[in-house]
Amino acid sequence: MLSFAVAVPFDRALPGSIAIADAIDPHPLTVAPNLRLTEVTALMSRTWSENGLLCSLDDPKAERRRSSCALVVDGETLIGIFTERDIVRLTAEGQDFQALRVADVMTSPVISMPREALRDIFAVLFFFRRYRIRHLPIVGDRDELVGLITPSRIRQVLRPANLLKMLRVADVMSPEVVQAPPDAPVVQLARMMAAARVSCVVIVEPDREGGSVPVGIVTERDIAQFQVLQIDLTCTPAQLVMS
């Protein structure tokens, strides 16, 4: 596990800034290293409450509590991480999820931050950008797992007014949109996501002016769900499963 403490200078403070501790999810999804990948993917696709308990499927807020990663622990020690992006990568490679255990494909060592180094939201954002990650585990004095910070968790606790003062649209938009036609097989979309390191592919159709118009979208989370449902992604076109 790679733990870092950083001091990040900033030239302005946010009015009414949040308490960074509020952005920590104290009950992230954790799994044992010998768990089969099919089981890990299924757990990530389920919904969980704030106290780490399994949610009812009819909970209207459940969608926001699905796990975009699983933290692999040995006892109390964090030894790896497995994310939705890994699911996309393995799908693109044609890997057999039933034949793998999470320890075979997890990312290790894990970039994490000591709890005592967690002083403000800017240090976390710095980590996200520098290391191109979307999950930052927080560890204690004995390298035990304390919790997890993600961009979605930050958005839940950050006031909209603060967010508007921090960012411009140009700072967060993706200028190059990965596109595919409606008849493209889903496995091809997974390969495109993995190659471009993006979280979605926009499905487009040609318009009368020779351009293209968006008609749907397929995301990393969709790919994870398709794996759980055991859909044959090599012959399923995007138009049948896109949002």
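Quick summary incoming for the structure in this document. This is a predicted model, so every value here is computed, not measured.

## Brief notes about the overall build of the protein
Then comes step 1: Broken down by element type, the protein carries 10 helices and 10 strands.
Then comes step 2: Expressed as a percentage of the 243 residues in the protein, the buried residues total 40%.
Then comes step 3: Pairs at least 24 apart in sequence give 63% of the contacts found in the protein among residues at least 6 apart.

## What about empty space enclosed by the protein?
Then comes step 1: Within this structure, the stated rule accounts for 1 cavity of 30 Å³ or more.
Then comes step 2: What the largest cavity holds in volume is close to 50 Å³.
Then comes step 3: Surrounding the largest cavity, M44, S45, R66, S67, E84, R221, A224 and Q225 form its lining.
Then comes step 4: Listing elements by their share of the lining of the largest cavity, those giving two or more residues are helix 1 (37-45) and helix 9 (220-228).
Then comes step 5: Broken down by element, the lining of the largest cavity gets its largest block of residues, 3 residues, from helix 9.
Then comes step 6: Counted by class, the lining of the largest cavity contains 2 nonpolar, 3 polar and 3 charged residues.

## Comments concerning the pattern of salt bridges
Then comes step 1: For the structure shown, the criterion picks out 6 salt bridges.
Then comes step 2: Of the charged contacts, one joins R89 and D86 as a salt bridge, the two residues approaching to 3.4 Å between their closest N and O atoms. On the criterion of helical spacing, the pair formed by R89 and D86 is a turn pair, its members being 3 residues apart in helix 2 (residues 84-92).
Then comes step 3: With relative accessibility at 9%, the residue D86 sits in the buried group.
Then comes step 4: Ionic pairing is found between R89 and E93, a salt bridge with its closest N-O pair at 3.8 Å.
Then comes step 5: Given a relative accessible area of 47%, E93 falls into the partly exposed group.
Then comes step 6: One network of salt bridges, in which partners are shared, links R85, R134 and E220.

## With respect to unusual backbone geometry
Then comes step 1: Across the junction of S108 and P109, the peptide omega takes the value 0°, indicating a cis bond.
Then comes step 2: Its location among the elements puts P109 in the loop between helix 3 (102-105) and strand 5 (111-114).
Then comes step 3: With phi around 65°, D143 is a residue other than glycine that occupies positive phi space.
Then comes step 4: The topology assignment puts D143 in the loop between strand 6 (136-139) and strand 7 (145-149).
Then comes step 5: Overall, D143 belongs to the partly exposed group, its relative accessible area being 35%.
Then comes step 6: Backbone geometry places Q230, a non-glycine residue, at a positive phi of 55°.
Then comes step 7: With relative accessibility at 60%, the residue Q230 sits in the exposed group.

Cut-off values and rules
- Along each chain, residue indices are assigned from 1 in the same order as the chain's sequence is written.
- Selection of residues for local features in this predicted model requires a pLDDT of at least 70, selection of side-chain atom pairs for listing and counting requires 80 or more, and totals for whole chains, interfaces and linings are taken over all residues.
- In computing side-chain values, all of the structure's heavy atoms are included and hydrogens and water are not.
- Helix and strand labels come from DSSP, where a helix needs a run of H or I of at least four residues and a strand needs a run of E of at least two; each type is numbered from the N terminus.
- Buried, partly exposed and exposed residues are distinguished by accessible area as a fraction of the type maximum, computed with a 1.4 Å probe on protein chains only: under 20%, between the cut-offs, and over 50%, respectively.
- When checking whether two residues touch, look at their non-hydrogen atoms; a contact exists if any pair is within 4.5 Å.
- Note on definitions: the grid is 1 Å and covers protein atoms alone; a cavity is a set of points where a 1.4 Å probe fits but cannot get out; a pocket is an open set with protein on both sides within 12 Å along at least five of seven lines; lining residues have an atom within 4 Å of a point.
- Grid points are joined across faces, edges and corners, and a volume is the space filled by probe spheres set on the points.
- Residues were grouped as follows: Ala, Val, Leu, Ile, Met, Phe, Trp, Tyr, Cys and Pro as nonpolar; Asp, Glu, Lys and Arg as charged; and all remaining residues, including Gly, as polar.
- Only one rule defines a salt bridge in this text: a Lys or Arg side-chain nitrogen within 4 Å of an Asp or Glu carboxyl oxygen.

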